[in-house]
There are 2 protein chains.
Amino acid sequence: MARFVVDVMPKREILDPQGKAVLGALPRLGFEGVLDVRQGKRFEIEVEGEPSDDLLAQVRKMAEILLSNPVIEDFEVHVEEHTVAEIAQEEGR
Amino acid sequence: MARFVVDVMPKREILDPQGKAVLGALPRLGFEGVLDVRQGKRFEIEVEGEPSDDLLAQVRKMAEILLSNPVIEDFEVHVEEHTVAEIAQEEGR
C-alpha cells in the first residue's frame, strides 16, 4: 500500500478569511509575535500498490481535478509513510 | 522569521464524511485502486524570530487550544521552510 499526502493552500493573492480569523484570535489567547496564518486542506490518500512515479502522477491528477481549485489554490503532493494519527500516537497524545 | 506547519486530521475512529465523499467520487472520475481518503486541515504559521524549541512549544500550544479539537482530531507540528505556494511556483504551476 502506498500513502500520499496532498496539501492544498489558498494562493498568496487570495484572501483567506479562516486564516485571518485564527490570526486575530491568537493575541486574545496570549500568543504574541505571530505574523501570518494561512489555512488550507490536507488529504491523506491510501492507494493499492507500492509508491511509484506512476502512482504519484495519478495522485497529482486527482489533486488537479478534484481536490483543489487551481484558480484560487496551490497544491503539493508527496509520499508519506506516517499519518498524523500515527505520529500523534507515538508522541503519546 | 520562523515557519511552522500544523496538520490536523480527524482521529481514526471518527467518521470523516468529506474524505468519504472524495473516495466515492474518485472511481466516477476514472481513478481506481484508492483504498481510503481522509481530509483534514493544514495551517501555515509565520512567527517572529528564529525557529527554536520554545517557539515550537508555543505553536504546539496553539494547536492544542485553538487549531484542533482534541476530542475528535489529532495534530502534528513541524518547522517548514517552504510553503505550498512556493513549491507550486517552483514546479511551474
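Remember, predicted model here, so these are calculated numbers, not experimental data.

A. Layout of the overall build of chain A. When helices and strands are counted, chain A shows three helices and three strands. Taking 12 Å as the expected radius of gyration for a compact globule of 93 residues, we find that chain A reaches 16 Å, considerably beyond that expectation. Looking at the 93 residues of chain A, the share that counts as buried comes to 46%. Carbon and sulfur atoms make up 53% of the accessible area of chain A, which amounts to about 4800 Å² in all. If you average the places of the 11 positive and of the 20 negative side-chain charges in chain A, the two averages end up 8 Å apart.

B. Here's a closer look at the confidence of the model for chain A. Looking at chain A as a whole, its pLDDT mean stands at 95, while 99% of the residues score no less than 70. For this predicted complex, the interface confidence comes out at an ipTM of 0.94, alongside a pTM of 0.95.

C. Seen up close, the layout of surface pockets. Each pocket or cavity is described by its volume, and for the largest pocket that value is around 380 Å³. Lining the largest pocket are 24 residues; nearest its centre among them are Lys 41 of chain A together with Gln 18, Gln 39, Gly 40 and Lys 41 of chain B. Of all the elements in the fold, those that place two or more residues in the lining of the largest pocket are strand S1 (2-10), helix H1 (17-28) and strand S2 (34-47) of chain A together with strand S1 (2-10), helix H1 (17-28) and strand S2 (34-47) of chain B. A breakdown of the residues in the lining of the largest pocket according to their chemical character gives 12 nonpolar, six polar and six charged.

D. Region of the structure containing the interface of chain B and chain A. With 44 residues of chain B at the contact, the number on the chain A side is 44 residues. Regarding the contact of chain B and chain A, the summed buried area is about 4100 Å², with carbon and sulfur atoms giving 64% of it. Here chain B is connected to chain A by four salt bridges. A salt bridge links Arg 60 of chain B to Glu 91 of chain A, with the shortest nitrogen-to-oxygen separation between them at 3.4 Å. Linking chain B to chain A there are 16 residue pairs in polar contact (both at pLDDT 80 or more). Where the side of chain B that touches chain A is concerned, the elements lending two or more residues are S1, H1, S2, helix H2 (53-67), strand S3 (73-79) and helix H3 (84-90) of chain B. Per element, the largest residue contribution to the side of chain B that touches chain A is 14 residues, and it comes from S2 of chain B. Summarising the sheet, S2 of chain A and S2 of chain B pair through 13 bridges and their orientation is antiparallel. Bridge pairing in S2 of chain B links Val 34 of chain A to Val 47 of chain B.

Conventions used here
- Residues numbered from 1 in each chain as written.
- Chains lettered and ligands numbered in written order.
- Predicted model: local features only at pLDDT ≥ 70, side-chain atom pairs only at ≥ 80, totals over all residues.
- Heavy atoms only, no water.
- Helix = DSSP H or I, 4+ residues; strand = E, 2+ residues; numbered from the N terminus.
- Rg over C-alpha atoms; globule rule 2.2 N^0.38 Å.
- Buried < 20%, exposed > 50% of the residue type's maximum accessible area, 1.4 Å probe, protein only.
- Areas by Shrake-Rupley, 256 points an atom, 1.4 Å probe, with all protein chains shown as cover.
- Lys, Arg positive; Asp, Glu negative; His and termini not counted.
- Charge placed at Lys NZ, Arg CZ, Asp CG, Glu CD.
- pLDDT = per-residue confidence, 0-100.
- 1 Å grid on protein atoms, 1.4 Å probe; cavity = no way out; pocket = protein on both sides within 12 Å on 5 of 7 lines; lining within 4 Å.
- Points joined across faces, edges and corners; volume = space filled by probe spheres on them.
- Nonpolar A, V, L, I, M, F, W, Y, C, P; charged D, E, K, R; others polar.
- Contact = heavy atoms within 4.5 Å.
- Buried area = accessible area lost by both parts, 1.4 Å probe.
- Salt bridge = Lys/Arg side-chain N within 4 Å of Asp/Glu carboxyl O.
- Polar contact = N/O pair within 3.5 Å; in protein donor to acceptor, adjacent residues only side chain to side chain.
- Pairing = 2+ DSSP bridges.

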